[in-house]
Amino acid sequence: MADPPGCCSTCATCLLCPYSCQWITAKKEKRKGLRTTKYDCSWFFLLFCVFLFTLVWLYFAIIILNDFHNFNEFIFRQRKLWLDWSLVLLIATAVLISYSSALLVLALCLQLCGQPLKLHWVHKILLILTALVVAAAFTGLGIKWAEEWKSARVSLQATGPFLHIGAVGGMTLLAWPLASFIYRTRSTGLRVFLLLVYCAAMIALYLAPLGITSPCIMEENQLPPKPALVGHRGAPMLAPENTLMSLHKAVDCDVQVFETDVMVSADGVPFLMHDEELTRTTNVQAVFPERAALNSTAFNWTDLQLLDAGSWFLERRPFPTVQSLPPGDRKEAAKQRIPSLGQALEAAKQSNISIMFDLRPENHSDYQNFVNVTLGVILQSGIPLQQVLWLPDGFREDVKQQAPGVQHVYGRKRLENEKEAVLRVNLPYQDMSSEEIRQYRQDNISVNLYVVNQPWLFSVLWCSGVSSVTTNACQVLKEMKHPIWLLPSTTYFMIWIVVDCVSFLIVIWAFVLMKKCSHRRRTAESETDVLLTKINSLMQE
């Protein structure tokens, strides 16, 4: 395969030791006649593929951080164990990408120095294990969390232009070791094959922007208004979710809507609670250990008032922001109790914000009574009905008759033959494309998407023209005065052309320079061989 003209002994040792686990010098290596075989090239190709595979997983890991709190809640419901699994994900991913990156860099440096790519068997096993772990991660993602594939599609609208620049830069740097290998290898067929593959990849990358679309590629004067913020269970990064403290913290974040979940107690009092069981957000296991596994609706209001709904927030730290809370907020959080819907409505009325809620559980045998009881509390509270956003689909017609001023929000897209105009929709952010958001906006339909926590995602939806977003991170999105990036189409076109031209020139330079180096090396080797031949002849005489 490739000739083994090495670099200096020290460099050869430093590179070969971690890659091949061999303390040998270039001179010894040349004496042994070691070469990079087809078998070694196959392992290098596998290394390159594993690196790319792990790099893609790193991208996915960063993207799914927006929704990882949902995963933590899912694990708690299944195993009754609370842990911020995002830390485990990031640490494991960092280890895998660091290992594969280090091996790839070593291999490329060895190739530039003309050393053989003799990958040690330990690395071979670890590479296969790395590929299997990443494949298992992708498989699990597809089975248990399939909607994250849609999240990746949305993320490409935010990262597409920058991924293109990074890919062009990476492939441009790859031109140096590739040119070195091509000018050293003796196989004409392999040389032609590698050149064709590389040229095809570069042409595809150079033309990739033709298929890249992003709502943030627009003129400044075309940017829609900033989406309104809807506090998901209040401000759960700053206070225990679904408590009055969480509502007040959400108000401080300038949210326009407090989003919550309502259940009805056994004695007919609507209260705020998301989970069907009380174990995650209260101390029910300590107060009522024998009843802890019961549905939240099985408890009467007197029992519910005995529960602590705040200490879990300080103990389990569902978000990293809990660690930085001031002492005053910690004391207030520890005093929180489960609020009734009436208390939440009163607080919303005083703060002049709207309240949007789901009524749970939808499959309860007494659900119609839940609807009637909830409506009764709303009507008695005195809150302006236009500040109440009704999400439940069950018995919606009865709600329209009893409280005609309530604003109805639908958890679905509009239908073709809609009998009544749909004015508000509430959907996962993965379920609406930028084109659909723009169309709904033109038709004066308010679109609220959930749950949006990361600035990059908020920026994409802002550029798309969404009306509002439900968020856990209202304190972060509140501070955003502008999308993370906004590029006029002409500016992006110029960046595209400049990047491609610079890359093309560097690639040509790399091949020309490596050709000259190869020619000089072969000339020097030829002169050395002639000199050695003359010396041998003289010695024989």
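Residues numbered from 1 in each chain as written. Predicted model: local features only at pLDDT ≥ 70, side-chain atom pairs only at ≥ 80, totals over all residues. Heavy atoms only, no water.

Participant: Help me understand the side chain of threonine 185, please; the structure alone is not making it clear to me.
Facilitator: Here threonine 185 lies in the loop between helix H8 (175-184) and helix H9 (188-207). Polar contacts involving the side chain of threonine 185 include one to the main-chain amide nitrogen of serine 187, which spans 3.4 Å. (Helix = DSSP H or I, 4+ residues; strand = E, 2+ residues; numbered from the N terminus. Polar contact = N/O pair within 3.5 Å; in protein donor to acceptor, adjacent residues only side chain to side chain.)

Participant: It is not clear to me how the domain arrangement of the protein chain should be interpreted in this structure. Could you clarify?
Facilitator: Often the size quoted for an interface is simply the accessible area lost on bringing the parts together. Taken as a whole, the protein chain is organised into domain 1 (8-145), domain 2 (149-214 + 487-530) and domain 3 (228-274 + 308-478). Its C-alpha centre places domain 1 at a distance of 43 Å from the equivalent point of domain 3. Contacts between the two partners involve 9 residues from domain 1 and, on the opposite side, 15 residues from domain 3. Of all residues in domain 1, Asn66, His69 and Trp82 give up the largest surface area on contact with domain 3, accounting jointly for 53% of the area buried on that side. Where arginine 233 meets glutamate 73, a salt bridge forms, and the shortest distance between an N and an O atom there is 2.8 Å. Looking at which element gives the most residues to the side of domain 1 that touches domain 3, the answer is helix H4 (residues 68-79), with 4 residues. (Domains from an automatic or database assignment. Contact = heavy atoms within 4.5 Å. Buried area = accessible area lost by both parts, 1.4 Å probe. Salt bridge = Lys/Arg side-chain N within 4 Å of Asp/Glu carboxyl O.)

Participant: Help me understand the UniProt feature "transmembrane region" (unreviewed entry) in the protein chain in this model?
Facilitator: UniProt's entry tags residues 41-65, 85-113, 125-143, 163-183, 190-212 and 493-513 with the feature "transmembrane region" (unreviewed entry), counted in the numbering of this structure. Across residues 190-212 one finds 78% helix and 0% strand; the C-alpha atoms that close the span lie 33 Å apart. With 100% helix and 0% strand, residues 493-513 has end C-alpha atoms that lie 30 Å from one another. (UniProt positions renumbered as here; feature names shortened; annotations may be inferred.)

Participant: Looking at this model, I keep getting lost on the state of the cysteines. Mind explaining?
Facilitator: Cysteine pairs can be covalently joined through their sulfur atoms, and such a bond is termed a disulfide. Summed over the entire model, instances satisfying the criterion amount to 1 disulfide. Residue cysteine 501 stays outside any disulfide, its sulfur separated by 16 Å from that of cysteine 199, the closest cysteine. The partly exposed category is assigned to cysteine 501, whose relative accessible area is 44%. (Disulfide = S-S within 2.5 Å. Buried < 20%, exposed > 50% of the residue type's maximum accessible area, 1.4 Å probe, protein only.)

Participant: I would appreciate a short explanation of the environment of methionine 480 in the present structure.
Facilitator: Examined against the element boundaries, methionine 480 turns out to sit in the loop between helix H20 (474-477) and helix H21 (489-540). Taking the C-alpha atoms as reference points, methionine 480 and alanine 208, 272 residues apart in sequence, are found 30 Å from one another. With residues up to four places along the chain from it excluded, the contact list for methionine 480 reads Lys226, Pro455, Phe458, Ser459 and Trp462.

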